[in-house]
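Structural overview for review
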Amino acid sequence: MKTSTGRFFEDFRLGEVIRHATPRTVTAADAALYSALYGTRFAVQSSDVLAAQIGYERSPLDDLLVFHVVFGKTVPDISLNAVANLGYAEGRFLRSVYPGETLSAVSEVIGLKENSNGKTGVVYVRTRGLRSDGAEVLEYVRWVMVKKRDEAASVADQHVPQLADSVEPSHLGIGCPPIDVEVYDFGLAGSPWRWGDFRIGERIDHVDGMTVEEAEHQLATRLYQNTARVHFDQHAATGSRFGRRLIYGGHVISLARALSFNGLGNAFHIAAINGGRHVAPLFAGDTVYCWSEVIDTAELEGRSDMGALRLRTIATKNLPCAGFPGHNGTEYDPAVVLDLDYWALLPR
Amino acid sequence: MKTSTGRFFEDFRLGEVIRHATPRTVTAADAALYSALYGTRFAVQSSDVLAAQIGYERSPLDDLLVFHVVFGKTVPDISLNAVANLGYAEGRFLRSVYPGETLSAVSEVIGLKENSNGKTGVVYVRTRGLRSDGAEVLEYVRWVMVKKRDEAASVADQHVPQLADSVEPSHLGIGCPPIDVEVYDFGLAGSPWRWGDFRIGERIDHVDGMTVEEAEHQLATRLYQNTARVHFDQHAATGSRFGRRLIYGGHVISLARALSFNGLGNAFHIAAINGGRHVAPLFAGDTVYCWSEVIDTAELEGRSDMGALRLRTIATKNLPCAGFPGHNGTEYDPAVVLDLDYWALLPR
Amino acid sequence: MKTSTGRFFEDFRLGEVIRHATPRTVTAADAALYSALYGTRFAVQSSDVLAAQIGYERSPLDDLLVFHVVFGKTVPDISLNAVANLGYAEGRFLRSVYPGETLSAVSEVIGLKENSNGKTGVVYVRTRGLRSDGAEVLEYVRWVMVKKRDEAASVADQHVPQLADSVEPSHLGIGCPPIDVEVYDFGLAGSPWRWGDFRIGERIDHVDGMTVEEAEHQLATRLYQNTARVHFDQHAATGSRFGRRLIYGGHVISLARALSFNGLGNAFHIAAINGGRHVAPLFAGDTVYCWSEVIDTAELEGRSDMGALRLRTIATKNLPCAGFPGHNGTEYDPAVVLDLDYWALLPR
């Protein structure tokens, strides 16, 4: 058969390295579409002039756009038969990506664990995003629950990898060039708040809300060449559990990140993703809100230009976040859709 | 608090100059998105070859795209707490904007007038759009009704500025390079009608209609980095007066302008906006139609290449314009959504 | 009257050559939008690096994007008053189109046949897409049923042209540069199947489905500057036969082509369109599926790098294609929306 229907759990082998298809040259057009899809306003990613003045070649592509393009390539090989995207860890943004560069992706299977029901298993992959000259721009681990084709099939080597709770501060910053903070224009950036103005435990309600339409998440997810059918096929969805197309989880992350500009306007670079959970599905017509908590701060070794904030950003659907809805120790507020833990860099 | 909730009426000071955030490098991608959003067909903005042949460096960005990008920057500072966008005046397009240029915006508060109810006031600003080298590309005055945070707050200096009814013909044309009309190809432009073919009082029904979807106006308005929540937050809108997201007024202007190609195909440059009123809100699902009346004509000082038409373009929702619905002296036809008065240039 | 309402049947003259308006410079932004609209994954059109390695200057624009841009220009002159788009023939893609090139279109009226009801007639045009230096990039014949303005009007010269059932293999391949197949990376391309792996009679279910939203087809069709009002005007559509906006037939072709990547991943170039029928209309909310049959194979004269497959691709709405729904000899399965016959090239 010439058509691919994707791998099932028993098709994966521990240690296997999968080179994903469809390299993609990213351009200023991807950046413009990203703006149109999320309304992002970080000045470094918006103005070539400002970016060049502070130390970039020109405006780099948004870190999450790079993430989505790399992630999208992995879908046909890793998660076409996924039941759920369970989590992310050890995500690191290693290099600025500029318009005109060509990206591809490679994944290593680092863990396999069959579920006791015999119907599914969890696949752990470490994915690396590569520039055409081989330079690594991104890496992250994700784990997904994947269906078995045949319940009787056995999986030889099982292994659950040890993953770091968070990326060590000593590993942060490589993806950010030296920044000339004297030249960085806090007025044009839209926020006066520097790294040193934030305190551990501080909570920020990002106030604004954004309603998502079917056309929007489909345009985004196709732009990333992500082929997971749950996002696109209403005919099939009609008979499914939710009866609706599911919005790509990365779309929610990008919406929350764009909304977080209001309060975190100088956090222009994501250095690392420590972890992330898509707590509940988002559907077209839902309105996304979010809030963040500063859960740690870190200096960057040998750098006085930028500092890191470890942020936990919680996104909700149809619930403004003035009350900071989250996890009460037992369970999530039913409005929560995303719980993301990441390191962002801000000028000092 | 690190989050901005925008200025209220009593936060403005007469004469204050506000430098807006988020400079933006505009590219050919913005032009392509603009085409996809409105279907504009003016040849000069569509073909680099044709534009270069007649005197431009290459295709300039659509004048209204430049307007929206500049306007968008002002929203977080000027109109986040606006009740209504009341009007525009003294708008002038001063320079062609090309892909790769970076735009920013500065506004001066030129008028403040508290309303007698003590709950709102009118803020007048003169906004200038600037290229990164400081060259001015656009300026216009707009006035908006803004809420007071505190009804008891007093506003020291009040002033209502004198604004011109229309931009003087002697001020037109600076935004248009010398055009080689011998080379301008009326066939490729799609219309045989030159400046001299239009007469004062002539009315043109632009015939076609365009239905607007939520995804479309949201993509557009985010592309312009316009953050007014009324355009994006259905959850909040559900409990509001209209129960719906409001479509950015500039989206209606661009739709009307694109539709006006049918009849005004050679009016490729907007030289000035004399005035404009968003007479009624537009919602997703509505179909926009429009018609125009030539209300004046003018030669351009020292130029024999181009002439100016002063046009009044009326846009309606869900009502074709063969009957030229407008203002009957007492009130607008209930279908009217936009009443725009502008100067456009055409080859002579 | 300055507004165009399009030509009616009696306005066409046999042999007439119509130069269409609005040349358009296509850019990488059109390619990105095309990706976002259809999710296409052919590696040659996605990666400048891969394209340059095998023999292109860089990633060419998708052949169908070029087709849509050329087609769009013809609409205001040919099919504004069309009742139905009846067919295509003798379509040939003659040259790679790269970002930055400017396209225009010219059509010759090659056939006219009044229908016996006296209310409509069929217009046959041969359209050529041209680069600004005059090089031809595309040509095709289409025929449309057009309304008469005046039932009493007579049409002097009537003629039904003889059209080829299919494009001869000797005419294929001119639009594809010599490909270095040694360098072509089947892994990055996402499919191991070469030209020689396909057999006449082989059927491929492309598996995936894609639901279309109003905003999506409107964005696409405006991007192509196609002005047919049936795609855009819901107010007018409400009183019409279908009560809905009709989706541009080319949108369906592009969806089917993008879905066909799953099974035909190396068929990166469309060499010719032998014929095509829009069997039934598609509406927003419908989900498109498709399958293909290999109906012929051909070597290319003097070339050992690439071979041609003649494919018949059938697209359906709301019916997955595992059962290969098509034409039973008497009639089409009611789910079929498109029956397309084309030649694609694959590496040998």
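Residues numbered from 1 in each chain as written. Chains lettered and ligands numbered in written order. Predicted model: local features only at pLDDT ≥ 70, side-chain atom pairs only at ≥ 80, totals over all residues. Heavy atoms only, no water.

1. Section: the overall build of chain A
Definition in use: Secondary structure is summarised from DSSP: a helix means a run of H or I of at least four residues, a strand means a run of E of at least two, and numbering begins at the N terminus for each. All radius of gyration figures rest on C-alpha atoms, and the globule criterion is 2.2 Å times the number of residues raised to 0.38. Three labels apply to residues, based on accessible area from a 1.4 Å probe with only protein chains included: buried if under 20% of the type maximum, exposed if over 50%, partly exposed otherwise in between. Residue contacts are counted whenever heavy atoms from the two residues lie within 4.5 Å of one another. Accessible areas in this description were obtained via Shrake-Rupley with a 1.4 Å probe; residue shielding takes into account the shown protein chains only. In this charge count, Lys and Arg are treated as positive and Asp and Glu as negative; neither His nor the chain ends contribute. Note on charges: their place is set at NZ of Lys, CZ of Arg, CG of Asp or CD of Glu.
On a plain count of helices and strands, chain A comes out with 9 helices and 12 strands. On C-alpha atoms alone, chain A measures out to a radius of gyration of 20 Å, which is about the 20 Å that the 2.2 N^0.38 rule sets for 348 residues. The principal-axis extent of the C-alpha atoms belonging to chain A is close to 65 × 45 × 35 Å. Each of the 348 residues in chain A was classed as buried or not, and the buried ones make up 66%. Contacts in chain A between residues far apart in sequence, at least 24 positions, make up 79% of those at least 6 positions apart. Taken as a whole, chain A presents about 11,800 Å² of accessible surface, with 48% of it coming from carbon and sulfur. Between the mean site of the 34 positive side-chain charges and the mean site of the 42 negative ones, chain A shows a separation of 6 Å.

2. Looking at the interface of chain B and chain C
Selection criterion: What gets called buried area is simply the loss in accessible area from a 1.4 Å probe that two parts show on being joined, summed for both. Each reported salt bridge corresponds to a side-chain nitrogen of Lys or Arg within 4 Å of a carboxyl oxygen of Asp or Glu. Two N or O atoms count as a polar contact when they lie within 3.5 Å, although within protein this holds only if one can serve as hydrogen donor and the other as acceptor, and sequence-adjacent residues are included solely when both atoms are side-chain atoms. Gly counts as polar in this scheme, as do all residues outside two lists: the nonpolar Ala, Val, Leu, Ile, Met, Phe, Trp, Tyr, Cys and Pro, and the charged Asp, Glu, Lys and Arg.
With 46 residues of chain B in contact, the opposing surface of chain C contributes 33 residues. When the two sides are added together, the surface that chain B and chain C hide from each other amounts to roughly 3,000 Å², 56% of it contributed by carbon and sulfur. If you sort the residues of chain B by the area they bury against chain C, A36, R41 and L188 of chain B come out on top, with a joint share of 19%. One can count 5 salt bridges joining chain B with chain C. Across the pair R245 of chain C and E213 of chain B runs a salt bridge whose closest N-O atoms are separated by 2.8 Å. Between the two partners, chain B and chain C, sit 24 residue pairs in polar contact (both at pLDDT 80 or more). A total of 8 residues in the side of chain B that touches chain C trace back to one element, the largest contributor, which is helix α1 (residues 28-38) of chain B. Tallied by class, the residues present in the side of chain B that touches chain C amount to 23 nonpolar, 14 polar and 9 charged.

3. Notes on the packing of α1 of chain B against helix α4 (residues 63-78) of chain B
Residues and elements named next belong to chain B. What counts is decided by this rule: With axes taken as lines fitted to C-alpha atoms, and helix axes fitted only over the stretch in contact, angles between N-to-C directions fall between 0 and 180 degrees. For classification, angles of less than 35 degrees are called roughly parallel, those exceeding 145 degrees roughly antiparallel, those between 65 and 115 degrees roughly perpendicular, and all remaining angles oblique.
Closest axis-to-axis distance for the α1/α4 pair is 11 Å, and the angle between their directions is 105°. By the angle between their axes, α1 is roughly perpendicular relative to α4. Here D30, A31 and Y34 of α1 lie close against α4, whose contacting residues are L64, L65 and H68. In terms of residue class, the contact of α1 with α4 is made up of 4 nonpolar, 1 polar and 1 charged.

4. Things to note about the relation of the copies chain A and chain B
Between the two chain copies there is a screw-like relation: a rotation about an axis and a shift along it. What counts is decided by this rule: Here the copies are matched by least squares. The fit uses the C-alpha atoms of residues with pLDDT of at least 70 in both.
The two copies are related by a screw operation: chain A maps onto chain B through 120° of rotation and 0.0 Å of translation along the axis, at an RMSD of 0.0 Å. What the rotation and shift describe, once combined, is the action of a three-fold rotation axis. Minimal C-alpha separation from the rotation axis in chain A is found for A29 of chain A, amounting to 2.7 Å. By residue overlap, the copies meet through two different surfaces: only 9% of the interface positions of chain A are interface positions in chain B.

5. Remarks on the packing of aromatic side chains
The cut-off we apply is this: Only centres within 6.5 Å qualify two rings of Phe, Tyr or Trp (six-membered ring in Trp) as a pair; their planes then separate them into stacked at under 30 degrees, edge-to-face at over 60, and tilted for everything else. Any Lys NZ or Arg CZ found within 6 Å of a ring centre and within 35 degrees of that ring's normal is scored as a charge over the ring.
In total, this model carries 42 aromatic pairs over all chains according to the counting rule given. With centroids separated by 6.4 Å and ring planes inclined at 70°, the aromatic side chains of Y56 of chain C and F268 of chain C adopt a geometry described as edge-to-face. Taken together, the residues Y56 of chain C in the loop between α3 (48-54) and α4 (63-78) and F268 of chain C in the loop between α9 (261-264) and β9 (269-278) connect sequence positions 212 residues apart. In this arrangement the basic side chain of K2 of chain B is found over the ring face of F198 of chain A, its NZ or CZ atom lying 4.5 Å from the centre.

6. A look at unusual backbone geometry
The bulk of non-glycine residues show a negative phi, and the bulk of peptide bonds are trans. Residues and elements named next belong to chain A. Even without glycine at this site, V207 takes up a positive phi of about 70°. Looking at where V207 falls in the secondary structure, it is placed in the loop between β7 (203-205) and β8 (210-211). For N318, which is not glycine, the phi torsion reads 60° and is therefore positive.

7. What about the environment of L112 of chain A?
Residues and elements named next belong to chain A. Structurally, L112 is set in strand β4 (residues 102-114). Spatially, the C-alpha atom of L112 lies 16 Å from that of A89, the residues being 23 residues apart in sequence. Sequence-distant contacts of L112, that is, excluding residues within four places in its chain, are made with F9, F12, R13, L14, V122, V123, Y124, V155, D157, Q158 and H159.

8. Side note on the interface of chain A and chain B
The accessible area lost on association of the parts is a frequent measure of interface size. Listed as interface residues are 46 residues of chain A and, on the opposing side, 33 residues of chain B. Roughly 3,000 Å² of surface becomes buried between chain A and chain B when both sides are summed, with 56% attributable to carbon and sulfur atoms. Of all residues in chain A, A36, R41 and L188 of chain A give up the largest surface area on contact with chain B, accounting jointly for 19% of the area buried on that side. In this assembly, chain A and chain B are joined by 5 salt bridges. Where E216 of chain A meets R222 of chain B, a salt bridge forms, and the shortest distance between an N and an O atom there is 3.1 Å. Counting every contact that joins chain A to chain B gives 24 residue pairs in polar contact (both at pLDDT 80 or more). When residues of the side of chain A that touches chain B are assigned to their parent elements, the largest contribution, 8 residues, is made by helix α1 (residues 28-38) of chain A. Grouping the constituent residues of the side of chain A that touches chain B by class yields 23 nonpolar, 14 polar and 9 charged.

9. So, the pattern of salt bridges
Where charged atoms from two side chains of opposite charge approach closely, those side chains can pair. Tallied over the full model, the rule gives 69 salt bridges over all chains. Across the pair D208 of chain A and R229 of chain B runs a salt bridge, and its minimum N-O distance is 3.2 Å. Here R229 of chain B lies in the loop between α6 (214-223) and α7 (234-238) and D208 of chain A lies in the loop between β7 and β8, a pairing that spans two chains. Classification of D208 of chain A by relative accessible area gives buried; the value is 13%.

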